[in-house]
Amino acid sequence: MKDYNTISRVYFIGIGGIGMSALARYFLSKKVVVSGYDKTRTKLTRQMEDEGIAIHFEDNVDMIDKNADLVVYTPAIPKDHKEFNYYKERHYEMAKRSDVLQNITKLSFNICIAGTHGKTTISTMVAHILHHSGYGCNAFLGGISVNYDTNFWSSDTNVSVIEADEYDRSFLKLSPDVALISAMDADHLDIYGTSENMEEAFVEFANQLKPGGLLLTKYGLPEKQFKADKHLRYSLQNDMADVYGVNVTMRAGGYEFDVQSKDWELKNVKLHMGGMHNVENAIAAISIAVHLEINPIKIINAIGTFKGVKRRFEYIISPLEAVNNRHNVIYIDDYAHHPAELEALIRGAKSLFSFKKCTVIFQPHLFSRTKDLAEGFAKSLDLADEVLLLPIYPARELPVEGVTSDLILTKMENKNASVVSKEGLLEYLRGTYLETVGKSGFGQVLITAGAGDIDQLIEPIKKILSDTN
């Protein structure tokens, strides 16, 4: 593999992906000429274009960089992709995203955050604490930090915070000095086959920890043969764990709490984002910061200034904004695309706003995931007062016979649920939904959730709900 210090031009196939864009920004920060292709123009690709990256949106070999020293591609690229095959047939230096990340971080101190859910928020929290405290880090994140409006930032400090992706076993190429596992719920069964195989991949990830490194796992995960010399378990409030929260109270759409371990404690931590699961995520991030011997006051201050991650319990219309709108609807958006994530999201919203009706708009992601986890999705969505299911977002997959959003609907006990088109959804929100809201004395909570293109509906929905007259 090339020495990346000698590279002057890099081309990305699938540059708009959240992991790919972080690498593109890394090379840009090193004064490398970066360009790429993606099939869809998004807010993220527009930002990268503004930063100086040339991007085009058609599969056209006449538009590629034929002088590229390195071509980075995503595994999601179809086999008949013209640009991919042009580079491959002419024997350009080509690498998957995971190989590039492995090469970039092989000589750094690596904090690798893994888990089927929670990893984006925890890695962003850790990176924010390190940045805000002055410790410094290079951050390779799977979401957009609200504080910095980016998924990558650099530092002269040779420390990397990495969101370790289990998809396609990518995380097995990393070399952690600190490794964290937040969850090992069944997912990506199209890759792993069984949940047991997936769990074993997480064990393999943890056992790649460098000698003397720290392993953190969420308390209650399946018992596995982890080899770490130092292994701590964290929990929201279970005092059987090594690190846990106490005195958790809800305040203004967020939380105040203390963090307790047998060796140290942190008092009066304030987190200004919703969802009790995010308190637990903060406890995990704080544990890493304490391990790095960051000043406790700096840790508390950093968590207090953390604004969250886009599409992770993100207030599109906050509680304060909602009361100033005629409709008084709190609007939360979240990337949740697994039953456990949906359950945490809905429970979090309903605990914070227990007197308000909770409507969830959910877009299932992938036919394979919907088929494998339909019962789990139904059970989680039953927690909501009303559910509107959008058609499945296929991403990289072809349709599977008999697998539609109706598969989830038929397994739900909640009868206040239906499948709607995007156009039908907006029409419903403008009409029947707002009429119902008008008859409510407490206001309501609306949630959009999913990993597909549901984020393109955020602004239209916000506009419907934001009438201040």
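In case you missed it, the structure is sitting above this.
Residues numbered from 1 in each chain as written. Predicted model: local features only at pLDDT ≥ 70, side-chain atom pairs only at ≥ 80, totals over all residues. Heavy atoms only, no water.

## Some thoughts on helix α11 (residues 339-352)
Between its first and last C-alpha, α11 extends 20 Å over 14 residues, near the 20 Å set by a 1.5 Å rise per residue. Among the residues making up α11, those that are buried are Pro339, Glu341, Leu342, Leu345, Ile346, Gly348, Ala349 and Leu352. (Helix = DSSP H or I, 4+ residues; strand = E, 2+ residues; numbered from the N terminus. Expected span 1.5 Å × (residues − 1). Buried < 20%, exposed > 50% of the residue type's maximum accessible area, 1.4 Å probe, protein only.)

## Description of the packing of aromatic side chains
In the structure shown here, the tally under the stated rule is 19 aromatic pairs. On the basis of an interplanar angle of 85° and a centroid distance of 5.1 Å, the ring pair of phenylalanine 171 and phenylalanine 202 is categorised as edge-to-face. Here phenylalanine 171 is found in the loop between β9 (159-163) and β10 (178-181), whereas its partner phenylalanine 202 is found in helix α7 (residues 195-206), with 31 residues between them in sequence. A relative accessible area of 0% means that phenylalanine 171 is categorised as buried. On the basis of relative accessibility, which here comes to 0%, the residue phenylalanine 202 falls in the buried class. Plain terms: the ring middles of phenylalanine 171 and phenylalanine 205 are 5.1 Å apart, the flat faces sit at 5° to each other, and that makes the pair stacked. (Phe/Tyr/Trp six-rings, centres within 6.5 Å; stacked < 30°, edge-to-face > 60°.)

## Notes on the layout of surface pockets
As a volume, the second largest pocket reaches approximately 380 Å³. Along the walls of the second largest pocket sit 16 residues, with Asn5, Tyr26, Lys30, Asn103 and Ile104 positioned nearest its centre. Counting residues per element, the ones that place at least two in the lining of the second largest pocket are α4 (97-104) and β7 (138-145). (1 Å grid on protein atoms, 1.4 Å probe; cavity = no way out; pocket = protein on both sides within 12 Å on 5 of 7 lines; lining within 4 Å. Points joined across faces, edges and corners; volume = space filled by probe spheres on them.)

## Focus on the nonpolar core
Residues Ile111, Phe257, Leu381, Ile461 and Leu465 are the most contacted members of the largest nonpolar core, which totals 95 residues. Not counting chain neighbours up to four residues away, the residues in contact with leucine 465 comprise Ile317, Asn325, His327, Val329, Tyr331, Tyr433, Leu434 and Leu446. Ile55, Val100, Ala114 and Ala201 belong to the second-largest nonpolar core, a separate cluster that totals 49 residues. (Core = buried A, V, L, I, M, F, W, Y, C linked by side-chain atoms within 4.5 Å. Contact = heavy atoms within 4.5 Å.)

## Points about the sheet that holds strand β3 (residues 54-56)
Here five strands make up an open sheet; going across it, the order is β3-β2-β1-β4-β5 and the pairing parallel. The two strands at the open ends of the sheet, each matched to only one other strand, are β3 and β5 (94-96). The average angle at which neighbouring strand axes cross in this sheet is 20°, direction not considered. Note that strand β4 (residues 70-73) and β5 share three bridges and pair parallel. Pairing of valine 72 across the sheet is with alanine 95, part of β5. Across the sheet, helix α3 (residues 82-89) is in contact with β1 (9-13), β2 (33-37), β3, β4 and β5; its angle to β1 comes to roughly 135°. (Pairing = 2+ DSSP bridges. Axes fitted to C-alpha atoms, helices over the stretch in contact; angles between N-to-C directions.)

## Focus: α4
Of all eight residues making up α4, seven are buried, and the element is well covered by its neighbours. Arg97, Ser98, Asp99, Val100, Leu101, Asn103 and Ile104 are the residues of α4 that are buried. Tucked into the core, α4 has its buried residues touching α1 (18-29), β4, β5, β7 and β9.

## Section: empty space enclosed by the protein
Applying the stated criterion across every chain yields a total of three cavities of 30 Å³ or more. Volume-wise, the second largest cavity comes out at about 50 Å³. As for the second largest cavity, its lining consists of Arg97, Ser98, Leu101, Glu163, Ala164, Asp165, Ser170, Phe171 and Leu174. The element best represented in the lining of the second largest cavity is α4, accounting for three residues. Considering only residue class, the lining of the second largest cavity consists of four nonpolar, two polar and three charged. (Nonpolar A, V, L, I, M, F, W, Y, C, P; charged D, E, K, R; others polar.)

## Observations concerning the pairing of strand β8 (residues 150-153)
Along a regular strand, successive side chains alternate from one face of the sheet to the other. Bridge count between β7 and β8: three bridges; the pairing is antiparallel. Looking across to β8, one finds that phenylalanine 140 is bridged to phenylalanine 152. Hairpin geometry of β7 and β8 is characterised by an intervening segment of four residues between the two adjacent antiparallel strands and by a positive phi of about 55° at aspartate 149.

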